[in-house]
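Each chain, written out:
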Amino acid sequence: MHDQTQTRRFERHRLEQNRLELLAPAKNLAYGIEAINHGADAVYMGGPAFGARSAAGNSLEDIEALARHAHRFGAQVFVAFNTLLHDHELEQARRLTHQIYEAGADALIVQDMGLLALDLPPIALHASTQTDNRTPEKVKFLQDVGFSQVVLARELSLEQIRAISAQTSVQLEFFIHGALCVSYSGQCNISYARTGRSANRGECAQLCRLPCSLQKPDGEVLVESSHLLSLKDMDQSANLEALIEAGIRSFKIEGRLKGLDYVKNVTAWYRQKLDAILEKRPDLVASSAGRCTYGFTPDPKKSFNRGGTDYFLHGRQLGIDSPRSPKYLGEPLGRVSKIGRDGIEIEGKALSLNNGDGLGFFKPNDELVGMRLNKVEGKQLLLSEPVPGLKVGAEIYRNHDQTFSKLLEKPSAERRIRVDMQLSECDAGLRLAFCDEQGVEACVTLACDKRPADNPERALQQARDQLAKLGNSLFVARKIELAFTTPLFIAASQLNGLRRDGIAALEAARLVSYRRPERRVPLADVSYPQHRLSYLGNVLNKAAEDFFREHGVERIAPAYEANKEEGEVMLMITKHCIRYSQNLCPKEVPGLKPEPLELKMGKDSFRLRFDCKRCEMQVMGSLKR
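Residues numbered from 1 in each chain as written. Predicted model: local features only at pLDDT ≥ 70, side-chain atom pairs only at ≥ 80, totals over all residues. Heavy atoms only, no water.

Draft legend 1. The arrangement of the pairing of strand β11 (residues 248–253) in detail. Burial of β11 is extensive: six of the six residues sit out of reach of the surface. Examined bridge by bridge, strand β1 (residues 19–25) and β11 share three bridges and lie parallel to one another. By the bridge assignment, Leu-22 is partnered in β11 with Phe-251. Of the pairings in the sheet, the one linking strand β7 (residues 171–178) to β11 comprises five bridges and is parallel in character. The partner of His-177 across the bridge, within β11, is Ile-253. (Buried < 20%, exposed > 50% of the residue type's maximum accessible area, 1.4 Å probe, protein only. Helix = DSSP H or I, 4+ residues; strand = E, 2+ residues; numbered from the N terminus. Pairing = 2+ DSSP bridges.)

Rendered as structure tokens:
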């Protein structure tokens with residue numbers, strides 16, 4: 001018996017290690033339902049409070065409704081609970097974790113370690129990327145204190161991910177698409193320093209997207225009014241298999257503030273990519289059930305993006321930033337060859353355009369201007385109104401595809417669970433058995449007379465046809481077996497009733513069989529990798545301080561939001577190096593001497609400090625009282 005239990009545990013662990021999870025954002029209930037319908041194995045959304053996107057909160061009722069829908073497919077709902085907490089908020093946070101658990105959520109995404117010192121419900125815990133997860137030692141610590149999933153820093157290379165995977169057994173999650181924070185997550189205090197809005201409390205002012213100038217301390221300007229800290233968006237479409245081999249099992253799409261078209265389109269894009277991998281890798285399985293069909297062809301270039309980069313996955317490279325604009329440029333069309341009274345002509349037009357498309361171009365001062373295409377007449381593109389500043393030779397982009405957008409406004413996906421069906425005789429009459437793609441079974445019977453069919457071939461075909469009509473249910477027939485010794489005459493109404501009862505029984509069985517993930521049991525005597533924590537440790541409450549002291553940290557400075565840091569400190573730590581991007585890196589340009597540099601952002605100046613050993617840049621500044 002002991003051996004059988006051990007075998008089952010080993011098999012469960014093996015399956016967990018080989019499940020691939022596509023994790024999509026859910027701004028609200030409607031977005032979450034569409035993310036599931038378009039192929040997500042899990043969704044993450046904000047709760048009523050304490051989420052790192054303060055503008056994307058949701059009620060407990062909506063969390064419950066989304067969990068009900070997700071669990072029908074065996075998919076999961078994670079609630080972002082990843083802000084720092086003040087002492088006076090801890091009791092409210094504790095109560096809310098229990099309410100979220102009772103609503104049916106599968107996991108909490110956590111930043112503040114003070115939560116672990118509270119009386120939490122038995123809900124799985126995921127370590128937010130805000131906890132700055134860059135090293136094997138840090139990830140192993142989080143694993144050992146009870147986290148079952150860890151969201152790794154976006155800046156990691158494949159080599160670094162492999163090292164973390166080799167030294168841990170926790171499930172590793174990685175961002176594969178969407179906006180990039182220029183700073184290591186959880187290590188950015190520039191928003192709080194200048195505006196009082198804390199990124200660690202869900203209120204980032206996104207100063208990194210503003211234009212700034214690069215200058216020397218004497219005021220000499222090297223780069224004027226450019227978006228030097230604004231990055232392109234993450235796009236790991238080409239690296240999914242490499243990430244799997246490195247140990248990633250949860251693939252996360254950024255975007256809890258993005259539009260519904262983005263959620264549908266990008267989720268469908270990565271669902272197809274992962275399904276193609278699963279088709280040729282029998283050692284891997286999807287984390288939830290159901291196959292999707294779409295009413296459109298997914299293409300992430302048609303949804304909001306700042307251009308794509310795989311960031312530092314293959315090492316440092318040029319072109320990860322988006323200095324001209326932090327806005328969505330769209331797809332390049334060609335250059336203006338002629339400007340008329342009502343419209344323009346484009347030379348080398350590469351795309352088919354539609355009435356109502358959105359276009360854009362840069363003015364000579366690099367201001368991005370949008371315009372609406374009113375009508376296409378041959379080569380002429382008639383605009384809704386004249387556009388000042390548009391010149392012959394300007395490069396034109398399409399940032400809104402009207403036809404594509406209309407497709408996504410409609411119901412655009414169906415998700416069905418494959419099921420095998422067997423119709424056979426039983427003592428009372430007929431028995432219809434179901435077994436779905438995840439092995440969940442259900443069975444219903446019908447008491448009736450068993451009369452041999454006059455036309456056996458026709459009777460068998462009619463039975464197959466009626467049983468296959470699974471309509472708007474969750475299911476689609478994969479295999480239908482008719483196990484009769486002699487074909488029977490069965491009325492269509494009897495078959496339809498048996499099928500409906502069977503579908504209801506199978507869906508009920510799926511809900512009964514669904515098990516939320518269990519909380520990982522923390523180990524005893526776990527030591528934190530460091531003995532000292534600066535303000536960058538983000539300890540804002542007494543419970544968090546007690547947690548770290550319990551795990552061996554001797555000196556703990558309060559978080560930046562405690563307003564204790566006097567004078568200049570690191571406000572941002574980033575792998576993106578402006579010296580490197582501007583060809584000013586002494587390691588890359590022989591004979592170039594390193595010079596002090598500053599960023600000028602409006603009236604504020606920030607000193608830049610370069611840690612060449614770690615190949616990182618630090619933005620220095622002080623708290624604006």
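Draft legend 2. Fine view of the sheet that holds strand β19 (residues 380–383). Read around the barrel, six strands follow the order β15-β16-β19-β18-β17-β20 and close on themselves; strand pairing throughout is antiparallel. Within the sheet, the average angular offset between the axes of one strand and its neighbour, ignoring direction, is 50°. Of the strand pairs in this sheet, strand β16 (residues 343–347) and β19 are connected by two bridges, and their pairing is antiparallel. By the bridge assignment for β19, Ile-344 is matched with Leu-381. (Axes fitted to C-alpha atoms, helices over the stretch in contact; angles between N-to-C directions.)

Draft legend 3. Expanded view of the pattern of salt bridges. According to the stated counting rule, one finds 39 salt bridges in the structure shown. Salt-bridge contacts for Arg-95 lead to Glu-91; the nearest nitrogen and oxygen are separated by 3.5 Å. Of the two residues, Arg-95 and Glu-91 are both situated in helix α4 (residues 90–102); the distance of four residues between them amounts to about one turn of the helix. Of the residues examined, Arg-95 reaches a relative accessible area of 42% and is grouped as partly exposed. For Arg-398, the salt bridge is made with Glu-331, and the minimal N-O distance between the two is 3.4 Å. Taken together, the residues span a long stretch of sequence, with Arg-398 in strand β20 (residues 395–400) and Glu-331 in strand β15 (residues 331–339) at a distance of 67 residues. Residue class for Arg-398 comes out buried when judged on its relative accessible area of 2%. Through salt bridges with shared partners, a single ionic network connects Lys-302, Glu-331, Asp-357, Arg-398 and Asp-401. (Salt bridge = Lys/Arg side-chain N within 4 Å of Asp/Glu carboxyl O.)

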